[in-house]
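Residue strings, one per chain:
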Amino acid sequence: MTKVLIATEKPFAPAAVNQMRPVIENAGFELALLEKYTDKSELLSAIADADAVIIRSDKITKEVIAAAKNLKIVVRAGAGYDNVDLAAATEAGVTVMNTPGQNSNAVAELAIGMMIFQARGQFNGKAGTELRGKKIGIHAYGNVGRFVATMAKGFGMKVLAFDPFVSKETIEKDGVKVVDSAEELYSSCEYISLHIPSNDKTKKSIGFDLLSKMPKGATLVNTARKEVIDEEGMLKLMAERDDFNYLSDIAPDSKDEFAAKFTGRFFFTPKKMGAQTAEANINAGVAATNQIVGFIKDGSTKFKVN
Ligand code: 3PG
């Protein structure tokens, strides 16, 4: 029987698994669940006889692929697939897909929520500031960026965007001002919401030079990946500028240094949290199971990324 493994170190909401199960079982497949595993060896053994696997930020390395002798498909229930070794999967003939857009609203809501939290002094009771009238720069105008733009407009913010991969017309249709470079975006906006993927070109690309262009009272909100930040440059900037704030749903490697030096100017959620809502889990999880059924039964390759 075709075995579909759901391997999630950070589990889906139970409501999501309850909706994923019938999709798998009605297709005549068997569901195996590996949640909250703490050691790679648990994943290696659970995946050994799986035909398909659904993951979140779980790492699918060359070693994991080599251990999965029957594996035909990996679906990352989410947007970013930097946690999957695409070259190793392709070499082993394994299809990799993501589920773009399914958890974007949840991530955007968290980005806006963190901005309000910081504008209000992390709810310390002292007079803070408002979002209305401030400029926000959306760095990369994909599914999450578009939701952040819509919400920010609802708050009365002026919205700008930079994305060399999305046409000016597409962005302008949303009533968002397009700028021609990251430098222009950062120098124009009090808030930047970061949505670039993590890859060889973007890793450590957000650093001292770019961030130091931001105006007084600047806040960078990173719900993308910690790897895109040049942490050394960020630490240097925050030491030089006591008006600069950094918020992220993924703690940087140097989080202890932030805690020691920059009280009140940073906030990191304990685990990557942007997509942690029941709704996002259901949307992404059910989409992933449907994609697996479509691939195995009908050969559908929609959302294949390798
Ligand atoms: C994504 O790439 O979809 C988000 O970063 C969510 O990741 P998660 O599924 O680990 O919460």
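Just so we're clear, the structure is a prediction, and the values are computed from it rather than from any experiment.

The rules behind these values
Sequence order as written defines residue numbering, which begins from 1 separately in each chain. Restriction of local features to residues with pLDDT of at least 70 applies here, the model being predicted, together with a cutoff of 80 or more for giving and counting side-chain atom pairs; totals for whole chains, interfaces and linings are based on all residues. Side-chain metrics rest on all non-hydrogen atoms present in the structure, leaving aside hydrogens and water. Segments assigned H or I by DSSP are reported as helices when at least four residues long, segments assigned E as strands when at least two residues long, and all are numbered from the N terminus. Each residue is placed in one exposure class: buried if its accessible area under a 1.4 Å probe, protein chains only, is under 20% of its type's maximum, exposed if it is over 50%, and partly exposed if it falls in between. Throughout, a contact is declared for two residues whenever any of their heavy atoms are within 4.5 Å. What makes two strands pair is DSSP finding at least two bridges between them. The axes used here are C-alpha line fits, helices contributing only the stretch in contact, and every angle between their N-to-C directions lies in the interval 0 to 180 degrees. Throughout, the term near means that a residue has one or more heavy atoms lying within 4 Å of the molecule or strand in question. Think of a polar contact as two N or O atoms within 3.5 Å of one another; within protein, one of them needs to be a possible hydrogen donor and the other a possible acceptor, and neighboring residues in sequence only count if both atoms come from side chains. Only the protein chains shown count as cover for residues, and the accessible areas themselves come from Shrake-Rupley with a 1.4 Å probe. The nonpolar class holds Ala, Val, Leu, Ile, Met, Phe, Trp, Tyr, Cys and Pro. Asp, Glu, Lys and Arg form the charged class, and all remaining residues, Gly among them, are polar. Working definition: rings of Phe, Tyr and Trp (its six-membered ring) pair if their centres are within 6.5 Å, and the pair is stacked with planes under 30 degrees apart, edge-to-face with planes over 60 apart, and tilted otherwise. Note on criteria: charge over ring means Lys NZ or Arg CZ within 6 Å of the ring centre, with the direction from the centre no more than 35 degrees off the ring normal. Oblique is the label for every angle not falling under 35 degrees (roughly parallel), over 145 degrees (roughly antiparallel), or within 65 to 115 degrees (roughly perpendicular). Whether a crossing is left-handed or right-handed is set by the direction in which the near helix is turned from the far one by less than a right angle, anticlockwise for left-handed and clockwise for right-handed. Like-charged residues are merged into a patch within 9 Å and nonpolar side chains (Val, Leu, Ile, Met, Phe, Trp, Tyr) within 5 Å, provided each residue has over 30% relative accessible area and no salt bridge. Whenever Lys or Arg places a side-chain nitrogen within 4 Å of a carboxyl oxygen from Asp or Glu, that contact is recorded as a salt bridge. His residues and chain termini do not enter the charge count, which takes Lys and Arg as positive and Asp and Glu as negative. Here the site of a charge means atom NZ of a Lys, CZ of an Arg, CG of an Asp or CD of a Glu.

1. Concerning the environment of Pro-215
Piece 1. For Pro-215, the location among the structural elements is in the loop between α9 (208-211) and β10 (219-222).
Piece 2. For Pro-215, a relative accessible area of 25% puts it in the partly exposed group.
Piece 3. The sequence separation of Pro-215 and Tyr-191 amounts to 24 residues, and the corresponding C-alpha distance is 9.1 Å.
Piece 4. Residues contacting Pro-215, with those up to four places away along its chain left out, are Tyr-186, Ser-187, Cys-189, Glu-190, Arg-241 and Asp-243.

2. With respect to the sheet that holds strand β8 (residues 177-178)
Piece 1. Spatial ordering of the open sheet is given by β8-β7-β6-β9-β10-β11-β12, a layout of 7 strands whose pairing is parallel. Looking at strand neighbours, the two that pair on one side only are β8 and β12 (266-268), the edges of this open sheet.
Piece 2. In terms of strand pairing, strand β11 (residues 245-248) meets β12 through 3 bridges, oriented parallel. Following the sheet pairing, Tyr-246 is matched in β12 by Phe-266.
Piece 3. Strand contacts of helix α5 (residues 104-119): β6 (135-139), β9 (191-194), β10, β11 and β12, with the helix running at about 145° to β11, the strand carrying the most contacts.

3. Examining the site of the ligand
Piece 1. Close to the ligand lie Lys-10, Arg-56, Ser-57, Arg-76, Ala-77, Gly-78, Ala-79, Gly-80, Asn-103, Arg-225, Lys-272 and Ala-275, which account for all nearby residues.
Piece 2. Residue Gly-80 places a main-chain N or O atom 2.8 Å away from an oxygen atom belonging to the ligand.
Piece 3. Between Arg-225 and the ligand, the recorded distance is 2.8 Å, taken from a side-chain N or O atom to an oxygen atom.
Piece 4. Its free accessible area being 320 Å², the ligand has 95% of it covered by the protein chains.
Piece 5. Broken down by class, the residue content of the shell around the ligand amounts to 3 nonpolar, 4 polar and 5 charged.

4. A few points about the packing of aromatic side chains
Piece 1. In the structure shown here, the tally under the stated rule is 8 aromatic pairs.
Piece 2. Relative to Phe-123, the ring of Phe-117 has its centre 5.1 Å away and its plane inclined at 80°; by these criteria the two rings are edge-to-face.
Piece 3. The class for Phe-117 is buried, based on a relative accessible area of 17%.
Piece 4. An aromatic cluster is defined as three or more aromatic residues linked by ring pairs; in this entry it consists of Tyr-246, Phe-258, Phe-262, Phe-266 and Phe-268.
Piece 5. Above the face of the Phe-208 ring, Lys-236 is positioned so that its terminal group lies 3.8 Å from the ring centre.

5. Description of the packing of α5 against helix α6 (residues 143-154)
Piece 1. Running from amino to carboxyl end, α5 crosses α6 at an angle of 50°, the nearest separation of the two axes being 8 Å. The angle between α5 and α6 places the two elements in the oblique class. For the pair α5 and α6, the crossing hand works out as right-handed. Contacts between α5 and α6 involve Ser-104, Asn-105, Val-107, Ala-108, Glu-109, Ala-111 and Ile-112 from the first element and Asn-143, Val-144, Phe-147, Val-148, Met-151 and Ala-152 from the second.
Piece 2. For the contact of α5 with α6, the per-class residue count stands at 9 nonpolar, 3 polar and 1 charged.

6. Focus on a positive patch on the surface
Piece 1. A contiguous patch of positive charge on the surface is contributed by Lys-135, Lys-158, Lys-168 and Lys-177.
Piece 2. You can see Lys-158 is positioned in strand β7 (residues 158-162).
Piece 3. A relative accessible area of 48% places Lys-158 in the partly exposed class.

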